[in-house]
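For reference, the chains in residue letters:
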Amino acid sequence: MRLPCLLLPCAAFLLAVTALRAQPTSEAEIEIAVEKLLSQMTLAEKLGQMSQRHYNTKSLTNPADSASAVRNGQVGSFLNPDSAETVNQLQKIAVEESRLKIPLIFGIDVIHGYRTLFPIPLGQSCSWNPELIEAAGRVAAIEASSAGIRWTFAPMLDITRDARWGRIAETLGEDPVLTSRLGAAMVRGFQGKNLTAPDSIAACAKHYVGYGAAEGGRDYNTTLIPEAELRNIYLPSFHAAKEAGVQTYMSAFNDLNGVPASGNVFTLRQVLQKEWGFDGFVVSDWESVKEMIVHGAAADLHDAARLGINAGVDMEMVSTSYRDHSEALLREGAISPAMIDDSVRRILRVKFRLGLFDNPYTDTTRPSPLLTEESLRVARELATQSIVLLKNEKFLLPLSPDSTKTVAVIGPLADSATDMRGCWSCRGEANECRTVYSVFKDYVGPKGKVLYSPGLKHGSSTDTAEIAAAVKTARKADVVILCVGEPHELSGEARCRAFLDLPGAQDPLISAIAATGKPIVLVVFGGRPLTFAKAAALSQAILYAWHPGTMAGPAICDLLYGRANPSGKLTVTFPRTVGQIPLYYNHKNTGRPVPIDPKAAQTPLGTAEDPKGYYSQYLDLPQAPAYPFGYGLSYTTFTYSDLKIETPDANGVIAATASIANTGARDGVEIVQLYTRQLVGTLTRPVKELKDFQRIALKAGEKRTVHFTLPKQSLGYYDNTGRFLLEPGKFHLWIAPNSAEGEPLEFMLTQ
Ligand code: GLC
């Protein structure tokens, strides 16, 4: 369309102005813009960009102080702002009143949802569904960005083998491959297809690295991880995040082999920057730079700043050692100007990538995206797929409104909305969480009846006064839905437990209900694997529900009444007792493994056969877990057959197939798992390693051949010098329903 001649100059002017303001879009343009801005910055402004403050009108930071700090360029980021209005107020000062008008970046812990809460990540991981987890991340980003948040401190990609550690709730399970796949999905969900979009938020791979290996399962504790283990188990999920385009990392609290993760040149400079080529920025965990003094790695804040900056921690969260000591450190030559510039460059780069220079403000006029129908649909679907059916004797489940007229919903977590949120519930409100009891009446049908009794005042209560009333309620019912487990406050950061039992007087409650002889469906909530053998023996069916979030009630009841068929499978090994920890499926064989002999597990304790022989085992407990990694039941049944392996092709790709049949009367989804084992290696190798998985939907009676292709690279591993080894030799391969079942086939890797 040709413009009338008088309009041409105006259009040219507008284009020029836009071009001046236009957000650099290509990486090359961003680099130019970063360098240009960096060259204009004073040291104080650079240190401001490297400083993140906690925004809290009540305590840590008052608004006036924040405003002046922003105006003077002394802060580049805030965490935990309370609203989009606060964000816009501070942003306005930054981009209109500060000297260089560099926008702020606001972050918060969107761990499993912003306002719509999804299951805790450990629960989500049991869906083994990267697409659905990505969709949940997208919902969380849309909700969070509407409040001015453009950065989340998630996904948490730590691996742990210790259920005593409260933060196991935030992990995606014990396996590196699964955590890598699901963590990358979360990164994609948060960051979206276009980082500059106003509803994209930068993700943050945390806690880099090794934090989950805390000795004794005690949070913040020492970690000792040989380089091979670090590279084979703890680093892969963080590398997968980098491959997925994650824009930030968070350095962890723990000391790793004697060097705090927030001052660790090897993991940050050598691995993350040099080997992986990461070009975003690293933020410290909350005062983890300052805590290097407490670790005994730094003499004082001056020293702590030196360690953090030297190691490549680019932004300091909350503590102010960078702001207060960098000038002196530069004068001493203890850090270099190039280090400061590199950190600031990384921070500016991410801010440009997010489009903050062009769109610093949050549009508060658009309709609220919180708790929309779509958000709740995704939350319900993910909660449903996260819940694991552990037992279903005589097919007690699914319930039928015809056969179970009166249902007693009992237990301290049956109607405790706040406990459905789990740890790190961000802006999720308890009163928006739907509990089992609150929705149950929608399922029992017109002739049905729902009775309710909490049995205990609270999940951790030891007061048994209300158990009698619960027993009375149970006696009137055809079936009891018994909702027990961990209240949310026993899970999460610094919430470590020496015992994994059901808290309070839950066991006496369960025993009293079982004494009525009524069939029990046990619904267990928790942020970790719990040990509940007695309760399990007294129950005919068991659903492990984790902390399922906003749509807890509908998801659980959909499963109880068969509107959905359970498909979840465990992503963490459940010990029989805490004494077995660490207990995980991809363990080494040792020189004296317990004989795979069912009888051995049945040897009565303390009898003539005890001790059972010279094996790596306990005298007083069978070695097997309560429930193995990858385990989960369905309302239908699946069989595996015809496992075949084709010899590696010219490119070393191994093709494996198996036939999976749905031999039951209901459609269902089966999570098919592929494991391998390298029989002999320069280093001893795990007895089994997950290499791939597929979720397949099969109609009742349907049979399908499932195909896997395994690049031979995936059979390699690192040794303790950081060398990658791909060793010819004998391998076993399983295609199985979980880590404890199935027979392997053997194949040779020749070169
Ligand atoms: C906490 C956590 C970390 C979180 C940060 C900000 O201490 O360790 O996961 O992102 O502080 O809330």
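In this text the structure is predicted, and so the values were computed from the model without any measurement. (Residues numbered from 1 in each chain as written. Predicted model: local features only at pLDDT ≥ 70, side-chain atom pairs only at ≥ 80, totals over all residues. Heavy atoms only, no water.)

J.: I'd like a description of the site of the ligand, backed by residues and values.
T.: Near the ligand there are 13 residues, and of these Asp109, Arg167, Lys206, His207 and Asp285 occur at the shortest range. Between Asp109 and the ligand, the recorded distance is 2.5 Å, taken from a side-chain N or O atom to an oxygen atom. Its residues assigned to classes, the shell around the ligand shows seven nonpolar, one polar and five charged. (Near = heavy atom within 4 Å. Polar contact = N/O pair within 3.5 Å; in protein donor to acceptor, adjacent residues only side chain to side chain. Nonpolar A, V, L, I, M, F, W, Y, C, P; charged D, E, K, R; others polar.)

J.: Break down the layout of surface pockets for me, citing the residues and quoting the values.
T.: Over the atoms rolls a probe the size of a water molecule, and in doing so it shows where empty space is left. Reported here for the second largest pocket is a volume of approximately 1100 Å³. The wall of the second largest pocket is formed by 42 residues, among which Val177, Arg231, Asn232, Pro236 and Gly716 lie closest to the centre. Contributions of two or more residues to the lining of the second largest pocket are made by helix H8 (176-191), helix H9 (227-234), helix H10 (236-243), helix H11 (265-275), strand S20 (689-698), strand S21 (703-711) and strand S22 (717-718). Per element, the largest residue contribution to the lining of the second largest pocket is six residues, and it comes from H8. (1 Å grid on protein atoms, 1.4 Å probe; cavity = no way out; pocket = protein on both sides within 12 Å on 5 of 7 lines; lining within 4 Å. Points joined across faces, edges and corners; volume = space filled by probe spheres on them. Helix = DSSP H or I, 4+ residues; strand = E, 2+ residues; numbered from the N terminus.)

J.: Describe the packing of H11 against helix H13 (residues 301-311), naming the residues involved and giving the relevant values.
T.: In a pair of packed helices, the angle between the axes and the distance between the axes together describe the arrangement. Interaxial distance between H11 and H13 falls to 8 Å at its minimum, and their mutual angle equals 20°. For the element pair H11 / H13, the angle class is roughly parallel. When H11 is examined against H13, the residues Val265, Leu268 and Arg269 are found in contact with a partner set consisting of Ile309, Asn310 and Ala311. Here the residues of the contact of H11 with H13 are counted per class, giving four nonpolar, one polar and one charged. (Axes fitted to C-alpha atoms, helices over the stretch in contact; angles between N-to-C directions. Parallel < 35°, antiparallel > 145°, perpendicular 65-115°, else oblique. Contact = heavy atoms within 4.5 Å.)

J.: Break down the sheet that holds strand S18 (residues 653-662) for me, with residues and values.
T.: Read from one edge of the open sheet, three strands run S17-S18-S21, paired in antiparallel fashion. The strands lining the two open edges of the sheet, one partner per strand, are strand S17 (638-646) and S21. For this sheet, the mean angle separating the axes of adjacent strands, direction not counted, is 20°. In this structure, S17 lies alongside S18, joined through seven bridges in antiparallel fashion. In the strand pairing of S18, Lys644 is matched with Thr657. (Pairing = 2+ DSSP bridges.)

J.: Describe empty space enclosed by the protein, and please don't skip the residues or the numbers.
T.: A full pass over the atoms with the stated rule returns four cavities of 30 Å³ or more. Its volume calculated, the largest cavity comes out at about 70 Å³. Every residue along the wall of the largest cavity is listed here: Val110, Ile111, His112, Gly113, Phe118, Gln124, Ile133, Ala136, Gly137, Ala140, Met186 and Phe190. Secondary structure elements with two or more residues in the lining of the largest cavity: helix H7 (130-145) and H8. It is H7 that provides the largest number of residues to the lining of the largest cavity, a total of four residues. Across the lining of the largest cavity, the residue classes break down as eight nonpolar, four polar and no charged. Approximately 60 Å³ is the volume attributed to the second largest cavity. Around the second largest cavity, the lining residues are Arg161, Asp162, Ala163, Ile168, Glu174, Pro529, Val572, Thr573, Pro575, Ile581 and Leu583. Partitioned by chemical class, the residues of the lining of the second largest cavity number seven nonpolar, one polar and three charged.

J.: Outline the side chain of Ser83, supporting the account with residue identities and numerical values.
T.: Along the chain, Ser83 falls in the loop between strand S2 (77-79) and helix H5 (84-97). At 3.0 Å, the side chain of Ser83 forms a polar contact with the backbone nitrogen of Thr86.

J.: Before we move on, can you summarise unusual backbone geometry with the specific residues and values?
T.: Most peptide bonds adopt trans geometry, and most residues besides glycine take a negative phi value. In the segment running from Ala154 into Pro155, the intervening peptide bond is cis, with an omega of 10°. By the element assignment, Pro155 lies in the loop between strand S4 (151-152) and H8. The step from Leu397 to Pro398 runs through a cis peptide bond, and the omega angle for that step is -5°. By secondary structure assignment, the location of Pro398 is in the loop between strand S11 (388-392) and strand S12 (406-410). Of note in the backbone geometry, Trp424 takes a positive phi value of approximately 50° without being a glycine. For Trp424, the position within the fold is in the loop between helix H17 (417-421) and helix H18 (436-440). One non-glycine residue, Thr590, lies in the positive phi region at around 65°.

J.: Go over the sheet that holds strand S13 (residues 449-453) with me, naming the residues and quoting the values.
T.: Read across the open sheet, the six strands follow the order S11-S16-S15-S14-S12-S13; overall the sheet is mixed. At either margin of the open sheet sits one strand with a lone partner, and together these are S11 and S13. The average undirected angle you get between the axes of adjacent strands in this sheet is 15°. Against the sheet, helix H22 (residues 552-560) touches strand S14 (479-485), strand S15 (520-525) and strand S16 (541-544), its axis set at about 150° to S15.

J.: Explain the pattern of salt bridges to me, using residue names and the numbers behind them.
T.: Scanning all chains against the criterion turns up 39 salt bridges. Note that Glu31 and Arg349 form a salt bridge whose closest N and O atoms lie 2.8 Å from each other. With a gap of 318 residues between them, Glu31 in helix H2 (residues 27-40) and Arg349 in helix H15 (residues 337-353) connect regions that are remote in the sequence. Accessibility expressed as a relative area gives 10% for Arg349, which makes it buried. Salt-bridge contacts for Asp692 lead to Arg181; the nearest nitrogen and oxygen are separated by 3.1 Å. Placement of the pair is Asp692 in strand S20 and Arg181 in helix H8, with a sequence separation of 511 residues. We classify Arg181 as partly exposed; its relative accessible area is 32%. When salt bridges with common partners are traced through the structure, they connect Glu27, Asp279 and Arg353 into a single cluster. (Salt bridge = Lys/Arg side-chain N within 4 Å of Asp/Glu carboxyl O. Buried < 20%, exposed > 50% of the residue type's maximum accessible area, 1.4 Å probe, protein only.)

J.: Can you lay out the confidence of the model for the protein chain for me, pointing to particular residues and giving the numbers?
T.: Per-residue confidence for the protein chain gives a mean pLDDT of 94; residues scoring 70 or more make up 94%. Segment residues 1-8: pLDDT under 50, and two contacts once partners within four positions in sequence are set aside and those in other chains are kept. Between residues 14-21, whose pLDDT stays under 50, and residues either more than four places distant or in other chains, the model counts two contacts. (pLDDT = per-residue confidence, 0-100.)

J.: Describe in detail H7, supporting the description with residues and values.
T.: Taking 1.5 Å per residue as the helical rise, H7 with its 16 residues ought to reach 22 Å, and the 22 Å between its terminal C-alpha atoms agrees with that figure. The element H7 is extensively covered by neighbouring structure, given that twelve of its 16 residues are classed as buried. Contact partners of the buried residues in H7: helix H6 (121-125), H8, helix H16 (373-386) and S20. (Expected span 1.5 Å × (residues − 1).)

J.: Provide a residue-level description of the nonpolar core, including the pertinent values.
T.: Counting residues in hydrophobic clusters, the biggest one holds 117 residues, and the most contacted among them are Trp151, Tyr208 and Tyr249. Among all residues touching Tyr208, those that are not within four sequence positions of it are Leu235, Phe238, Tyr249, Met250, Ser251, Ala252, Ala261, Thr267, Leu268, Val271, Leu272 and Trp276. Membership of the second largest hydrophobic core comes to 45 residues, among which are Ile410, Val524, Ile542 and Tyr631. (Core = buried A, V, L, I, M, F, W, Y, C linked by side-chain atoms within 4.5 Å.)

J.: Tell me about the packing of aromatic side chains, residues and numbers included.
T.: Tallied over the full model, the rule gives 29 aromatic pairs. Aromatic pair Tyr211 and Phe253: ring centres 6.1 Å apart, planes at 65°, arrangement edge-to-face. In this pair, Tyr211 is assigned in the loop between strand S5 (204-208) and H9 and Phe253 in the loop between strand S6 (248-251) and strand S7 (255-256), connecting sequence segments 42 residues apart. Exposure class is identical for Tyr211 and Phe253. Each is buried. Ring geometry for Trp546 versus Phe574: centroids 6.0 Å apart, planes at 70°, classification edge-to-face. Of this pair, Trp546 sits in the loop between S16 and H22 while Phe574 sits in the loop between H22 and helix H23 (598-602); the two residues are 28 residues apart in sequence, bridging distant segments of the chain. (Phe/Tyr/Trp six-rings, centres within 6.5 Å; stacked < 30°, edge-to-face > 60°.)

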